[in-house]
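A closer look at the structure
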Amino acid sequence: MSGTDQERETRLHQIVFRWTDHHLLGGRGIGPVGTSLDERGLAEWSALLDNGDLVSLVRRERPAVGLLRLRSRPDRAALVRVDTVPASVRGSHQTQVLLGRADVLTARLALELMGWSGWLRAEDGPLADPRLPAVEPDDLAGELRTPEHPDPAEVAALVRHVLRHPEENFHFAGARSDPYALAFGVAAVLDVSVMVEGDVRAAGARPQVVVTGEKVKLHASGWSKKTPDPARAPLAEHEADVAELVRTALAAAAGSPPLLSGDSMTSWIADLRFRERGLYQFLMDVLDGDPEAARHLAEADTLRWMRDGLGGLGLSELIRLCRDWGRWHRADARATALLRDHVVARALDWEEDRERDELCHEARRLFSPSTGIVPTPRREAEVKAVRSRLGELWRAAEGVRNESDAVLLLARAHTLAQFSPEEFQDVVDGLKVPASTLVVAANAFAGRHGAEGFRRSALTALRGYRASHEERPGIRAALVETDFLLDALRTEGMEERADVIENLLLCGYGGPEENKADGERPRQLYRDLSAILHKPGLAFVLPGAARVIGAPRVQLRLWRGLRDTRAAREADVLLDGVAEHVMAELPASPDLRAFRERLADLTDLLSADALPKDRFQRLCQDNAYFQEPMTGYHRGNSGRTRAADIIRAYADLFWLANGHPPDQDRTRCLPDPEVRALFKARSDGGSQYYLLAVIRVSRTVFEPTRLSEMLWEKVSDRAREKVRAEPELAALVGEPPLTNRDRRAETGGGPGRGVFRALGSLRSKENAPSREDAPGPENAPDSWFADYTAGSGAPAAAADRDPSAGWDQNMGLEGAGAEQDHQGARSPARTGGTESDRLGPWAREKSWMEKSAGEQWSENSRGLVIVTVLAVLVVVVVLAAWWILAVVRAPVPGPAEPSPAPAASRSAESDTSASPADDTNPRPSQSEETP
C-alpha cells in the first residue's frame, strides 16, 4: 500500500453538502461543495449519502447528529451532522460528514464531537475553497466533550431493550433526559449506530437506535418504539448488573470505547448467567452440548474470561475438562489453544505429582496427531509451545536437577504432545540431552503401559547418538545400571536392537581400532557383561559386543562365560576372528604352559565349530607339528617341564590337527592312516616325547592296537624303563609290551635257570658284541622308519655325562631317540635305490620284518637245538623208567609203546622262534578279532 493510501486508511475525510447552483459533481441543488476526497471517492460517497439527503431533520431547530454504518461498506463508518440553514428561503439544510474506519468512529465519538470547531456554519452556496483538509484522529482528542449525564435508570432501560433484542431497530422517544445525553449513555455502553433528532430514509443505512425528544413518526417502517421506562424494560433479573454497567460507562473518560461491542454485546447477558455459575461449569455446559454456551464461547469477551479464569481451576478440574474435550468434534480452535497453552504450563513441571502425570495423559486430546516427518503448520505451532516450555525449564534447572528429574520432564512432554521420533529427536538436539539420560529414560519406562512411544523415541535418539570422549564414563555407568537396556529392547525388532546396542557400546567403550591399542576398555566391557550373563535377552547384545571389543582374548573369555547360559548358541558370534588370532599365537608360544593354553583355546573353538580345520592342519604340517619349539620348551627349562605335560601337549595337538577334540580319557584312538601320517611327520632327531604321544593317540585305555605295539619297537630301552617306572607315564601311553629279551629274562628265572645262563654265556661268546651291549638302538633300523627318524643327535651316554641335562634326558628319553636315528641313517633307504626303495615304506617294513625273523632264528638256533636234545633225553629217561616199572609189576610182560613228544615242548619251540615282527600288517585289536 502506498503512503497516500495508508493516509486515507488512518485519517478522517470530510464532505460538505449544500444547496448550490453548481456543486462539485456538476449539478444544481443539494450536492457536495467541499471535500478532502479525490474525485472518484467523492462520487462514490455522494451516491451512498444520497447527495446529502440521506438524513432529514426531525426538528429544524435542533441538529441531527449520529453515526451511520452502511451495509455496503461494513468496514467504514460515517459521522453525520445535519443543520438547518437559517436564512434559506427554500428551507434547505447543510450536511457535513466525517468518513473513517469503523473501529475508529463510534457513536460515542460522534456525540462527544458536538462542540468540534471543525463544524462549518450552515449556509447555501459554494465554499470559497472546495478543498478541505483531512482530519487526524489524534487531533480530535482535545476537542472531545462529554454531554451532560442523562438519567442512569433511563439509559439502563434502553440498554436492556437492546441487549434483549440486539437484532431489532429501536426508536426511543419521550424521555425526561436530553435526547443527546440519553443517546450518549446508550453509545457509552453499547457499540451501536445511533441517530439523534434525525430520520434516515435509506434502509441500507438505517441506524440501530434513533433517539428523539418527542414521539414522531419516522419515514421508514419496522421500528420498535420504546419508552425509557425501567418498569417496562426487559431483563428485570439483570437490572442490577445493567445498572452497574451503565454507571461504569458514564464514569469513563472522554474518548473511551464502548464497554460492549460486536459479539460481546449480544452475549453479555448470557455471559452474566454463565459467569454466575463459574468458568468450569460453563465449559462443561459447552462440552455437554449446550448450543447457547457454545455460541457464547466464541465471543472475544468470553475467551478473555476463559484465559483469565483457567488459572483458578484445579488439576482435577483440568483433567476432567481435557478428558471430555476430545468428545467435542467441533471444538472452537481459539478456546482449544487457550486450554492447551494453560495445560502445557501447568503439566510440564519438575514436581513429581501423579495428578500432573494424569493431566499429561488426558491432555493429549488437545493436540493434533503427528503427521510424520513434515508436520502441518497447526502441529508445528502446537509442538513449538511444548518446546518453549521445555527449554525454559531446562535452562532454569541446569546443574540443579538430577537425571531422574530430567527423565520425568521429558516423559511428561512426550506424553503430552505425543512426539513422533523425528520431533523428539529435534527436542533432544535442541536441549542437548546427554546419552546417559536417554538410556535411563528408555529403561525407566520399559514395560510401562502407555509409555511405549516415549521408550521407542528414546531408543531412536540413541540409535544415532554421537558421544564425545567426556560422555563415555556416564554412558558406561548408565548401561551397567540398566543392564544394557535388556528389558527396554526386548520388544524391539532385531535390526533396531542391534543398531541401538552397537551404537551405545561404541559411545561408551570406543571402537575396535581404539580397543586394539588400549585393552582396558575391552576388559571393562567383559567385566560389565559378566554381571548379566544369566539375564534373558543377552543374546542381542553379543553381536554389537563382538564388533566393538576388538580383543580376541576378551571375546574368547566372554564366550566361555556364556557357554552354560541360554545365550550359548548366540554367543558363537563372539568367536569371529578369534581362531586366526590363536593360530597365529601358537607357534610363538614362549613356554609349554602358554602352548597348552592355546591348545585349550583351539579345543573350545573346535567345539563351537569355529576352528578352520583344514587351515589348522596345514599349519601343523608346515611347522612339523611344532617339534622344534616343544624340544626347546624341555631343554630351556632345565628339567622343570615334565615329560607327561609334553606328551599331553603333543597328543592334544594330534587330535586337533586331525579335526577331533582331544580325548583325555583315552576311550578312543585315531584311525591307523592318521597315526601313520603322524609317525611319518616325525622330524630328524625327533624326541621320544613325540613318539610316545603318537603311541598315546594310537591306542585306547582298554587295550593296545597292533599299530601301537609296532610303534613301541621304535622306543628306546631307557624310555621303556622310564614308562614302566613312572605310573603317570604308564597311564598316559600304556604299559610297554615285552620284548624278546624281556621274555628270555623271565624264562631264565624258571627251573632251567643255569642252563639258560650257560646258553646265554655261550651265545655272548660266539656273537660278541651282543645286540644288547651294542652302542646302537635296541631294534635294528628298517628302511620305512629310517626315512622319518634318521638324523644326528647326541648319544645317550653324552646325556648321562652332562650334569646340566634335564631329568628326562638322564632317563634316556632324548638321547636314545637320537642314537636310534643315528643308527637309522645307515639304512638302505638313505644309501641306495634298492627294490625295497621302489616298493615304498610299507614294502620295506615287510622285508625288514622277514629279515628280522631270520636273524632272530639264526641267533637262537644253537641254543634251541641243545634245549631240544636235553628235553628228548629227559623224556626218554622218564619213559624208560615208567616202562621198567610197568614190566616189573605186570603179570604178563608186553612190548613198550613209544610216546609222542609233548605238545608243550613244541609250543615252547614255536614261542621262542616267533617274533612280533613276523606279520607284515598290524595285528587288529581285541575289539576287532572274532571270538
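Here we summarise the structure given alongside this text. (Residues numbered from 1 in each chain as written. Predicted model: local features only at pLDDT ≥ 70, side-chain atom pairs only at ≥ 80, totals over all residues. Heavy atoms only, no water.)

All right, on to the overall build of the chain then. Helix and strand counts for the chain stand at 44 helices and 11 strands. In the chain, which comprises 931 residues, the proportion classed as buried is 47%. Counted over contacts in the chain with a minimum sequence separation of 6, partners at least 24 positions apart contribute 71%. Summed over all atoms, the accessible surface of the chain reaches about 45,000 Å², with 51% contributed by carbon and sulfur. (Helix = DSSP H or I, 4+ residues; strand = E, 2+ residues; numbered from the N terminus. Buried < 20%, exposed > 50% of the residue type's maximum accessible area, 1.4 Å probe, protein only. Contact = heavy atoms within 4.5 Å. Areas by Shrake-Rupley, 256 points an atom, 1.4 Å probe, with all protein chains shown as cover.)

Moving on, we get to the side chain of R389. Along the chain, R389 turns up in helix α14 (residues 377-396). Within the structure, the side chain of R389 is placed 3.1 Å from the backbone oxygen of L348, a separation counted as a polar contact. Dropping the residues within four chain positions of it, R389 is found in contact with V344, A345, L348 and D349. (Polar contact = N/O pair within 3.5 Å; in protein donor to acceptor, adjacent residues only side chain to side chain.)

With 16 residues, helix α20 (residues 494-509) ought to run about 22 Å at 1.5 Å a step, and its terminal C-alpha atoms sit 22 Å apart, in line with that. Inspection of α20 places R497, V500, I501, N503, L504, L505, C507, G508 and Y509 among the buried residues, and these make up the whole buried set. Just downstream of α20, G510 is the residue with a positive phi angle, here 85°. (Expected span 1.5 Å × (residues − 1).)

Right, let's talk about a nonpolar patch on the surface for a bit. Among the surface-exposed residues, V865, I866, V869, L870 and L873 lie close enough to one another that they form a single nonpolar patch of about 410 Å² accessible area. Tracing the sequence through the fold places I866 in helix α43 (residues 841-889). (Patch = residues over 30% accessible without salt bridge, like charges linked within 9 Å, V, L, I, M, F, W, Y side chains within 5 Å. Salt bridge = Lys/Arg side-chain N within 4 Å of Asp/Glu carboxyl O.)

Applying the stated criterion across every chain, the model contains 11 aromatic pairs. Ring geometry for F595 against Y633: centres 5.9 Å apart, planes inclined by 55°, an arrangement best described as tilted. One end of the pair, F595, is in helix α26 (residues 592-607); the other, Y633, is in helix α28 (residues 627-636), and 38 residues separate them in sequence. For the pair formed by F595 and Y633, the shared burial category is buried. Ring geometry for Y625 and F654: centres 5.7 Å apart, planes at 80°, overall edge-to-face. With a gap of 29 residues between them, Y625 in the loop between α27 (613-622) and α28 and F654 in helix α29 (residues 643-657) connect regions that are remote in the sequence. Taken individually, Y625 and F654 each receive the classification buried, so the pair is uniform in this respect. Clustering of aromatic rings is evident, with ring pairs tying together Y625, Y650, F654 and Y690. The ring of Y509 carries the charged tip of R476 above its face, separated from the ring centre by 5.9 Å. (Phe/Tyr/Trp six-rings, centres within 6.5 Å; stacked < 30°, edge-to-face > 60°. Lys NZ or Arg CZ within 6 Å of the ring centre and 35° of its normal.)

The subject of this paragraph is the nonpolar core. In this structure, M306, L602, F616 and F654 are the most contacted members of the largest nonpolar core, which totals 161 residues. Looking at this core, the element that brings in the most residues is α29, giving 12 residues. Two domains share this core, each providing at least three of its residues, namely domain 2 (577-625) and domain 3 (640-740). Non-local contacts of F616, meaning those with residues more than four positions away in its chain, are made with M583, L586, L602, L611, L653, L656 and A657. Counting 51 residues, the second largest nonpolar core, distinct from the first, contains L182, F184, V246 and M265. (Core = buried A, V, L, I, M, F, W, Y, C linked by side-chain atoms within 4.5 Å. Domains from an automatic or database assignment.)

We now examine the sheet that holds strand β11 (residues 224-226). Strand order in this open sheet of nine strands is β2-β1-β6-β5-β4-β8-β10-β7-β11, and the pairing throughout is mixed. Across the chains shown, the open sheet's two edge strands, defined by having one partner strand only, are β2 (29-35) and β11. With direction set aside, neighbouring strand axes in the sheet form an average angle of 20°. Sheet topology note: the strand β1 (residues 13-20)/strand β6 (residues 93-101) ladder contains five bridges and is antiparallel. Counterpart to Q14 in the pairing with β6 is L98. (Pairing = 2+ DSSP bridges. Axes fitted to C-alpha atoms, helices over the stretch in contact; angles between N-to-C directions.)

Moving on: the pattern of salt bridges. This model, assessed by the stated rule, comprises 46 salt bridges. Note that K535 is salt-bridged to D483, the shortest N-O span being 3.4 Å. In this pair, K535 sits in the loop between α22 (520-530) and α23 (542-549) while D483 sits in the loop between α19 (472-481) and α20, placing the two residues 52 residues apart along the sequence. Judged by its relative accessible area of 29%, K535 falls in the partly exposed class.

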